[in-house]
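# Secondary and tertiary structure notes
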Amino acid sequence: MNAVVATSVFAVFMVAAVALGLLALRGRGKGGGLAEWSVGGRSLGPVFIWVLMAGEGYTSFSYLGAAGWGYNYGAPVLYVVAYMSCGYAIGYVVGPMLWGYARRHGLVGITDMVAHRFGRPWLGAVVAVLATVFLLPYIQLQITGMGVVLSVISYGAVSLNWAYFVAFAVTTGFVVVSGLRGSAWVSVLKDVLVIATLGFLALYVPLHYFDGYGPFLDRLVTEKSDWLTLPGHGGGGSGGSGLGELWFISTTFLNSLTVVIFPTTVAGYLGARNADALRRNAMYLPAYNVLLFVPMLLGLAALFVVPGLAGAESNLALFKLVVDSLPAWAVGVIGVAAGLSSIVPMAVFMLVIGTMWGRSVLSLVPRLAERQKSAAQVVVVVAGGLALLLTYTAPNTLVRLSLISYEGMAQLLPMVLLALVWRRLTFRGAFSGLIVGVAVVCVLVFSGNDPLGGVNAGLVALAANLAVALAVTFAGPRDADPRPDAEVLAGDPVGEEGDPLAVTRAPRSASDHRV
């Protein structure tokens, strides 16, 4: 009976979420073209951009992985709060800059930007393939997270394998139809449920299991002090986790830079109605990070309530606290909040992959050039299927999947960000650095050398990437690009069309909108 009640609540909310996504398309005809589907027609206001980008930062990784890492290690998981807050500060400058560049040239993603900056359409295709490789683990992460949620709230009635398939099917159907605008609308529902459920659990768990915060924290300090300092539980010695101060600093630094050029973050930037909405979001989004302390704290509480969880089982720490003590309907509602925390970001990740391929890869095929949106939607299904296959064949803990994605995507920083502000960086330099960076990060991660000497492997690879890019740039010839700086580089969009601080400017030529 508990399984029926909880899964029924879950199913009703999932149907409501899909209906809300479809409702977002009212008055949009048949859904418009690729720009309408992928970046919401560049018309989303501050509220929708806020909830959409907050949803990017609050995924099943945060709901389950943060609790799991809090359970396994303790203090190191605070890197999530650190890098996201720093990333929002960097995004205050970078977000409007990328928005202005894309709007000025009619671009819809980072692959477009790279292709336009270096004047090589095929380079956008290369970046699309590379970004897809590093984004698939993040989609796998969300499938795993939602599958775990559905299996647990069904009290085991739904197996993990079927739960993974349901997560894939629901999200794929949702994103193909509704696009970015639908994801933004559903993010509103998700945020309401996340705030309500985490607020409730922050009070309920300490009171129910420990008679209050005082006894809980006293017991934590007395019995589990290793979890409260870096490098956390099991972190010391030659066989430790390696998650000490150097790892914390290097990971926070790397991820705060990477998150601003993450394809899904950029999709949120480009969906904004104006640059000022992005500046406001950069100021308000850190407040959302307060919620991240709750699953971390619940992971620590689970040490006393459900001891002995190991490996991927630690991702169940939060739900193990509530399944046996709350009524089934409440378990269902909490499951919905966690499930939507998977669906919204997973939808945006799949949408971004579809957009990159539809715009930068398949558009190079003459017969597909005029059908970019339909091609992108097919890619969404394929990408989701590949992530589902990876979920079945190569499972991993949620935080590890997140770190692999970020470390790989970080290697695009020179080509995507540095190149847009420094004209001197040549194509040969940027491309050579990218090859070296990707090679180094793959070798370090898959040989088990992450972190390397306590330093995040992605930062080590990025340092090699930059060194090669600069060496090749200064040693080789300049790129023969006759375009002026205003055509190639990005800057503060104050005064551009669509910005509240716009000033009168000369009309652009048609060539400004071509890649």
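Shown above is the structure to which this text applies.
Just so we're clear, the structure is a prediction, and the values are computed from it rather than from any experiment.

## Quick notes on the nonpolar core
- Core analysis: the largest hydrophobic core is formed by 146 residues, its most contacted members being I139, I143, F319 and L412.
- At 19 residues, helix α15 (residues 328-361) tops the list of elements feeding residues into this core.
- Once residues within four sequence positions are removed from consideration, F319 is found in contact with L64, V149, V152, I153, I334, G335 and A338.

## Some details on the packing of aromatic side chains
- Here the structure, examined in full by the defined rule, presents 19 aromatic pairs.
- Between W422 and F474, the ring centres sit 5.8 Å apart and the planes meet at 50°, which makes this aromatic pair tilted. Placement of the pair is W422 in the loop between α18 (413-421) and α19 (427-446) and F474 in helix α20 (residues 457-475), with a sequence separation of 52 residues.
- On the basis of relative accessible area, W422 is assigned to the partly exposed category, the value being 25%.
- Using a relative accessible area of 53% as the deciding quantity, one classes F474 as exposed.

## Considering α18
- The element α18 is extensively covered by neighbouring structure, given that seven of its nine residues are classed as buried.
- Of the residues making up α18, those classed as buried are L413, P414, M415, V416, L417, A419 and L420.

## Here's the deal with the packing of helix α5 (residues 79-105) against helix α11 (residues 263-270)
- The geometry of α5 relative to α11 is characterised by a closest axis approach of 9 Å and an angle of 70° between their N-to-C directions. In terms of axis orientation, α5 runs roughly perpendicular to α11. Relative to α11, α5 is oriented so that their crossing is right-handed. Taken together, the residues of α11 that come into contact with α5 (itself represented by G91, G95, L98, W99 and A102) are V266, Y269 and L270.

## Focus on the pattern of salt bridges
- Overall, the coordinates contain six salt bridges when judged by the stated rule.
- One salt bridge connects D485 with R423, and the closest N-O pair in it is separated by 2.7 Å. With a gap of 62 residues between them, D485 in helix α21 (residues 485-488) and R423 in the loop between α18 and α19 connect regions that are remote in the sequence.
- Classification of D485 as partly exposed rests on a relative accessible area of 43%.
- The salt bridge involving D481 is made with R483; its shortest N-O contact spans 2.8 Å.
- Beyond isolated ion pairs, a larger network of salt bridges with shared partners links D276, R279 and R280.

## Side note on the environment of S325
- Inspection of the secondary structure assignment puts S325 in the loop between α14 (317-323) and α15.
- For S325, a relative accessible area of 22% gives the class partly exposed.
- Those residues in contact with S325 that lie beyond four places of it in its chain are Y204, H208 and Y209.
- Within the structure, the side chain of S325 is placed 3.1 Å from the side chain of Y204, a separation counted as a polar contact.

## Notes on the packing of α19 against α20
- Two elements in contact, α19 and α20, have axes whose closest approach is 7 Å; the angle formed by their N-to-C orientations is 155°. The orientation of α19 with respect to α20, classified from their angle, is roughly antiparallel. Handedness of the α19/α20 crossing: right-handed. Residues R428, G429, A430, S432, G433, L434, V436, G437, V440, V441 and L444 of α19 touch α20, and the partners they reach there are A457, G458, V460, A461, A464, N465, V468, A469, V472 and T473.

## Thoughts on the side chain of S405
- Topologically, S405 is positioned in helix α17 (residues 398-409).
- S405 sits in the buried class, given a relative accessible area of 0%.
- Setting aside chain neighbours within four positions, we find S405 in contact with F134, P137, Y138 and F262.

## Observations concerning the side chain of N465
- Take N465: it is sitting in helix α20.
- A distance of 3.5 Å separates a polar atom in the side chain of N465 from the backbone oxygen of G433.

## Some remarks on helix α6 (residues 110-118)
- For α6, the tally of buried residues reaches nine of nine residues, placing the bulk of the element in the interior.
- Buried residues of α6: I110, T111, D112, M113, V114, A115, H116, R117 and F118, and no others.
- In the segment just after α6, G119 is the residue with positive phi, at about 65°.

## Here we look at unusual backbone geometry
- Cis geometry marks the peptide bond from L230 to P231, where omega comes out at 5°.
- By the element assignment, P231 lies in the loop between α9 (213-223) and α10 (245-258).
- The phi dihedral of D211 falls on the positive side, at around 65°, and the residue is not glycine.
- With respect to the helices and strands, the residue D211 is situated in the loop between α8 (160-210) and α9.

What counts, and at which threshold
Residues numbered from 1 in each chain as written. Predicted model: local features only at pLDDT ≥ 70, side-chain atom pairs only at ≥ 80, totals over all residues. Heavy atoms only, no water. Core = buried A, V, L, I, M, F, W, Y, C linked by side-chain atoms within 4.5 Å. Buried < 20%, exposed > 50% of the residue type's maximum accessible area, 1.4 Å probe, protein only. Helix = DSSP H or I, 4+ residues; strand = E, 2+ residues; numbered from the N terminus. Contact = heavy atoms within 4.5 Å. Phe/Tyr/Trp six-rings, centres within 6.5 Å; stacked < 30°, edge-to-face > 60°. Axes fitted to C-alpha atoms, helices over the stretch in contact; angles between N-to-C directions. Parallel < 35°, antiparallel > 145°, perpendicular 65-115°, else oblique. Left-handed = near helix turned anticlockwise from the far one by under 90°. Salt bridge = Lys/Arg side-chain N within 4 Å of Asp/Glu carboxyl O. Polar contact = N/O pair within 3.5 Å; in protein donor to acceptor, adjacent residues only side chain to side chain.

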